[in-house]
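Structural overview
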Amino acid sequence: TARVEFVRLRILILVFVSLLLAACGGKTIEKEVSTTVTYQVAKPAPKRAPARVAPAVTAGDLIMTKLVGPAPTAEELAAVRSLNLGGVILFGWNVQDATQLTAFTKQLQTARAARATATKRPVTLLVSVDQEGGAIRNVPFAPPEHTQPEIAADTSIDPRSVGSATAVGLRKVGVNMDLGPVADLASPPNRTMAGRSFGSDPDDVAGFVGQTVAGMVSGKVVPTAKHFPGFGASTANSDDGIAYIDRTLEELRGSELLPFQSAVTYKSPAIMVSHGILRAEGRTLPGTVDPYVATKLLRDELEFDGVAITDSMNAKGFRDAWG
């Protein structure tokens, strides 16, 4: 059933997180039977929440890669079958129509399932797309037809319903993860994300992000709020060059971090970390490889315990900054 499929997907998402397993234990008490003999009676252990047991994972489960064409090659299927991949991302060249895409994703899932089950590994392969809206839709025949700026500008559009419809449309063709919504602000001076953001007001954007996340979760697709900690005010889009973020931590707390806090509140299973460099905080590394961003801000400050996923490692802004 759809419910069972979603539980399996959630298991795959959760195994990337450190789990604390409850230990079973007990205390003993002494009871006097006679003046010369005593024995011990085990005292029942206090009731505890059942331990959450997750399938084993390896480094390969943390890898997500693109594929070369509209059907998986023998080499790609072998990689999936050998459990050396945890996920794939599909682009325009992988998608022709609903029939083709459904067959494509089914081949991928079938390739992983048998060995994963036998070795007690996560069964479901993550199949992701960029499905932000408008022209930025790797599945052009699935919602949302409107861009995020258009959704924010039209009060008749319910962002939660958009998120739910997007999830339903993607699941029909075997896609179970959306690399969206965009949680960046359309911030000055460069307004780098103006064409993709819900707007420039932090509170408004936080509301749209939270509702979109909730809709996708209800539709059984994993949303991925991006690009943490927000690079709407950056000097460039990291796809094109090194992106410096000239925001102090205090400034981020009052603006860029609010939509991501909303995503955490609405239980987004994943958040994408950007390649932006927090220059105002004296950082020199892209956020994807900077513990200050990926750990201190995301894990400690926002208390996010889901999956932190990187932006594309092919991005020019990452390669040039990393050297």
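Scroll up a little and you will see the structure.
For clarity, every value in this text was computed on a predicted model and none was experimentally measured.

What you see with strand β10 (residues 270-273) is no split at all: Ala270 and Met272 on one side and Ile271 and Val273 on the other are buried throughout. Sheet analysis places strand β9 (residues 222-228) next to β10, joined by 3 bridges and oriented parallel. If you follow Ala225 over to β10, its bridge partner there is Ile271. Summarising the sheet, β10 and strand β11 (residues 307-310) pair through 4 bridges and their orientation is parallel. The partner of Ala270 across the bridge, within β11, is Val307. Taken together, β10, helix α9 (residues 291-301) and β11 form a β-α-β motif whose crossover is right-handed.

With that settled, the discussion passes to the packing of aromatic side chains. The geometry of an aromatic ring pair comes down to the distance between the two centres and the angle between the two planes. Evaluation of the coordinates by the stated rule reveals 4 aromatic pairs. Arranged with centres 5.2 Å apart and planes meeting at 90°, the rings of Phe228 and Phe260 form a pair that is edge-to-face. In this pair, Phe228 is assigned in strand β9 and Phe260 in helix α8 (residues 257-265), connecting sequence segments 32 residues apart. With a relative accessible area of 0%, Phe228 lands in the buried category. Residue classification places Phe260 among the buried residues on the basis of a relative accessible area of 0%.

The next thing to look at is unusual backbone geometry. Most peptide bonds adopt trans geometry, and most residues besides glycine take a negative phi value. Following Gly180, the chain continues into Pro181 via a peptide bond in cis, with omega recorded as 10°. The omega angle of the peptide bond from Phe228 to Pro229 is 0°, so this bond is cis rather than trans. Mapped onto the secondary structure, Pro229 falls in the loop between β9 and α7 (249-253). In this structure, Lys120 takes a positive phi of about 60° despite not being glycine. By the secondary structure assignment, Lys120 is in the loop between α3 (98-118) and β5 (126-129). With a phi angle near 50°, Arg191 is a residue other than glycine that sits in the positive phi range. Among the secondary structure elements, Arg191 is positioned in the loop between β8 (177-178) and α6 (202-218).

Attention now moves to the nonpolar core. Ranked by size, the top nonpolar core spans 31 residues in total, and within it Val209, Phe228, Phe260, Ile271, Leu278 and Leu297 carry the most contacts. Residues within four places of Val209 in sequence aside, it is in contact with Pro181, Val182, Ala183, Phe198, Pro259 and Ala263. Judged by nonpolar contacts, the second largest core, of 21 residues, contains Leu77, Leu101, Val139 and Ala167.

Looking now at α6. The end-to-end C-alpha distance of α6 is 24 Å, a good match for the 24 Å that 17 residues give at a rise of 1.5 Å each. For α6, the secondary structure elements touched by its buried residues are α4 (148-153), α5 (159-172), β8, β9 and α8. Of the residues flanking the start of α6, the one acting as N-cap is Asp201, its side-chain oxygen 3.0 Å from the backbone nitrogen of Asp203. Backbone geometry just downstream of α6 places Lys220 in the positive-phi region, at approximately 70°.

Turning our attention to the pattern of salt bridges. Enumeration over the complete set of coordinates arrives at 11 salt bridges. Linking Arg112 and Asp61 is a salt bridge whose minimum nitrogen-to-oxygen distance equals 2.9 Å. Remark: Asp61 occurs in the loop between β2 (38-42) and β3 (64-66) and Arg112 occurs in helix α3; sequence separation between them is 51 residues. Exposure remark for Asp61: the relative accessible area of 1% places this residue in the buried category. The partner of Arg253 in a salt bridge is Glu250, with the nearest N and O atoms 2.4 Å apart. Of this pair, Arg253 and Glu250 are both found in helix α7, 3 residues apart, which corresponds to roughly one turn of the helix. Of the residues examined, Arg253 reaches a relative accessible area of 33% and is grouped as partly exposed.

Conventions we followed
Residue numbers here run from 1 along each chain, matching the order of that chain's written sequence. The predicted nature of this model means local features are confined to residues of pLDDT at least 70 and side-chain atom pairs, given and counted, to a pLDDT of 80 or more, with totals for whole chains, interfaces and linings taken over all residues. Values shown for side chains rest on all heavy atoms present in the structure; no hydrogens or waters enter the calculation. The buried label goes to any residue with under 20% of its type's maximum accessible area, the exposed label to any with over 50%, and the partly exposed label to all in between, with areas taken from a 1.4 Å probe on protein chains only. The helix and strand labels rest on DSSP assignments: H or I over at least four residues marks a helix, E over at least two residues marks a strand, and numbering proceeds from the N terminus. Pairs of strands are assigned from DSSP output, requiring at least two bridges between the strands. With the strands pointing away from the viewer, any crossover whose connection runs clockwise from the first strand over the helix to the second is right-handed. Classification of ring pairs rests on two measures: the distance between centres of Phe, Tyr or Trp rings, Trp counted by its six-membered ring, which must be within 6.5 Å, and the angle between planes, read as stacked under 30 degrees, edge-to-face over 60 and tilted in between. As used here, the term nonpolar core means buried Ala, Val, Leu, Ile, Met, Phe, Trp, Tyr and Cys residues forming a set that is joined through side-chain atoms within 4.5 Å. Every residue pair with non-hydrogen atoms within 4.5 Å of one another is taken to be in contact. The span one expects for a helix is its residue count, reduced by one, times 1.5 Å. Between N or O atoms, a polar contact is any pair within 3.5 Å; within protein, one atom must be a potential hydrogen donor and the other a potential acceptor, and residues adjacent in sequence are included only when both atoms are from side chains. Only one rule defines a salt bridge in this text: a Lys or Arg side-chain nitrogen within 4 Å of an Asp or Glu carboxyl oxygen.

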